[in-house]
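Below, each chain spelled out in residue letters.
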Amino acid sequence: LRDDGIAQINQATDVNEITKEIKVNLLGKKGPITQALRGIKDLPVEKRPEVGSYANEIRDEIQNALDAKLTELENKALEAQLVAEKIDVTLPSTPVAKGHPHVIQSIIDEICDMFIGMGYEVKSGPEVEEDKYNFEMMNLPKDHPARDMQDTFYITKEILMRTQTSPMQARTLEKHDFSKGPLKMISPGVVYRRDTDDPTHSHQFHQVEGIVIDKNITMGDLKGTLEYLLHQLFGNKYDIRLRPSYFPFTEPSVEADVTCFKCDGKGCDVCKHSGWIEVLGAGMVHPNVLKMAGVDADVYGGFAFGLGPDRFAMLKYGVEDIRDFYLNDVRFLSQFN
Ligand code: FA5
């Protein structure tokens, strides 16, 4: 029995055969050894110890042979698996596409860095905004005709998708403690208008709002800041002009234009043949805006501006259609990596 059992074990070639067949056959409840050990009680008393210890000895030998074979087969299986699953770490890997910020986000970051360098703080505000902040506190009461300048997506009568980042002027003015120093803030974000999409207009675009309020701030400070900003971003490659304009929340108001990138002397397609593209609105903050936010307009004053980074990106990179920024075509966007 022992020799036969050990021979069976030695011939086994896989783990299952050992654990499920041979082990059960030899050492299981119905196997010869268990049966022999059970039969001991029927032997004469004096024979029992001898037969018992012999049967136990055979059982232990078989058990040891089984354990040894099992370890050997398991090791072999592991080795085979290691060979089969070997990874050659020296092989070149499949390249993983790496993302990068959207070109407009990069421009916004560049603008923010520039203003942080001039001591401004950066704040963000809600895109779903109250009529109160978007219009009323910006000196645009309910029936004001200038509301038509920014065609609005209303959610309810009092809630809307902000048409400009200017509500952040009212929100920060309301909270600012002037005893601690002047207000110098910029606020980038997305705005929405019921504009018809065309090469220079999108119904969803970005703005960066800026506001500086202190004692003795002049239009000269505004002009210097805007010229610094535009020259930093565009270099001397483009001409810049400030043109009188109208905004209900600034007086006086200006708009800044930058020369188009595709002007050939006869005109510029993108700029409707004027040769200029408007990139920002600005002005001296209207005293009504200060008063409504609880600021003493006799003591404090300053300037504000709202610029369009989408238009900046068009100029900087010679993109002729603003809609390209929103189509999410990776072939287009990856140029700006
Ligand atoms: C405003 O939105 C004012 N809030 C700006 C302002 C702030 C003036 C503070 C004074 C003081 P305007 O509607 O002109 O102004 O928009 C500002 C800029 O946003 C424009 O110069 C332009 O660069 C950009 N812009 C406006 N409409 C669109 C549009 N549909 N698509 C892309 N950019 C746009």
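In the nomenclature of an unreviewed UniProt entry, the protein chain is known as Phenylalanine--tRNA ligase alpha subunit of Apilactobacillus kunkeei. As stated in UniProt under Subunit (unreviewed entry), the record for the protein chain gives "Tetramer of two alpha and two beta subunits." Its UniProt record gives the protein chain the following Catalytic activity (unreviewed entry) comment, quoted word for word: "tRNA(Phe) + L-phenylalanine + ATP = L-phenylalanyl-tRNA(Phe) + AMP + diphosphate + H(+)".

Visitor: Any chance you could explain the site of the ligand here in plain terms?
Guide: Near the ligand lie 27 residues; those nearest to it are Gln 164, Ser 166, Arg 193, Asp 195 and Glu 278. Within the side chain of Gln 207, one N or O atom sits 3.0 Å away from an oxygen atom of the ligand. Here the ligand has 680 Å² of accessible area as a free molecule, and 96% of this is covered by the chains. Of all elements in the fold, only strand 5 (204-214), strand 7 (250-259), strand 8 (276-285) and strand 9 (301-307) reach the threshold of two or more residues within the shell around the ligand. Of the residues forming the shell around the ligand, the biggest block, five residues, is contributed by strand 8. The residue inventory of the shell around the ligand, partitioned by class, reads nine nonpolar, twelve polar and six charged.

Visitor: Help me out: how do you make sense of unusual backbone geometry in this one?
Guide: One can expect most non-glycine residues to show negative phi and most peptide bonds to be in trans. Here the amide bond leading from Glu 251 into Pro 252 is cis, since omega sits at -5°, within 30 degrees of zero. Structurally, the position occupied by Pro 252 is in strand 7. The phi dihedral of Asn 139 is positive, around 70°, even though this residue is not glycine. Its place among the elements puts Asn 139 in the loop between helix 6 (131-134) and strand 3 (159-161). Under the relative-accessibility criterion, Asn 139 is labelled buried at 15%.

Visitor: Please explain the pattern of salt bridges as it appears in this structure.
Guide: Where charged atoms from two side chains of opposite charge come close, those side chains can pair. Under the criterion given, the structure shown has 19 salt bridges. Here Glu 72 makes a salt bridge to Lys 69, at a shortest N to O gap of 3.4 Å. One end of the pair is Glu 72 and the other is Lys 69, both in helix 4 (residues 48-84) and three residues apart, which spans about a single turn. When its relative accessible area of 9% is taken as the criterion, Lys 69 is described as buried. In this structure, Arg 147 and Asp 131 form a salt bridge, with 2.9 Å as the shortest nitrogen-oxygen distance. Of the two residues, Arg 147 is situated in the loop between helix 6 and strand 3 and Asp 131 in helix 6; the sequence distance between them amounts to 16 residues. Each member of the pair, Arg 147 as well as Asp 131, carries the same accessibility label: buried. Salt bridges sharing partners connect three or more residues here, namely Asp 131, Glu 136, Lys 142, Arg 147 and Glu 158.

Visitor: Quick question: what am I supposed to make of the sheet that holds strand 7 here?
Guide: Two pairing modes exist for strands in a sheet, parallel and antiparallel, and in both the strands are linked by backbone hydrogen bonds. Strand order across the open sheet formed by seven strands is 1-4-5-9-8-7-6, with mixed pairing between neighbours. The open sheet has two edge strands, strand 1 (121-122) and strand 6 (240-247), and neither has a second partner. Bridging between strand 6 and strand 7 involves seven bridges; their strand directions are antiparallel. Residue pairing in the sheet places Phe 247 in a bridge with Thr 250 of strand 7. Each of strand 6, strand 7, strand 8 and strand 9 touches helix 8 (residues 219-234); the most contacted strand, strand 8, lies at about 150° to it.

The rules behind each value
Residues numbered from 1 in each chain as written. Predicted model: local features only at pLDDT ≥ 70, side-chain atom pairs only at ≥ 80, totals over all residues. Heavy atoms only, no water. UniProt positions renumbered as here; feature names shortened; annotations may be inferred. Near = heavy atom within 4 Å. Polar contact = N/O pair within 3.5 Å; in protein donor to acceptor, adjacent residues only side chain to side chain. Areas by Shrake-Rupley, 256 points an atom, 1.4 Å probe, with all protein chains shown as cover. Helix = DSSP H or I, 4+ residues; strand = E, 2+ residues; numbered from the N terminus. Nonpolar A, V, L, I, M, F, W, Y, C, P; charged D, E, K, R; others polar. Buried < 20%, exposed > 50% of the residue type's maximum accessible area, 1.4 Å probe, protein only. Salt bridge = Lys/Arg side-chain N within 4 Å of Asp/Glu carboxyl O. Pairing = 2+ DSSP bridges. Contact = heavy atoms within 4.5 Å. Axes fitted to C-alpha atoms, helices over the stretch in contact; angles between N-to-C directions.

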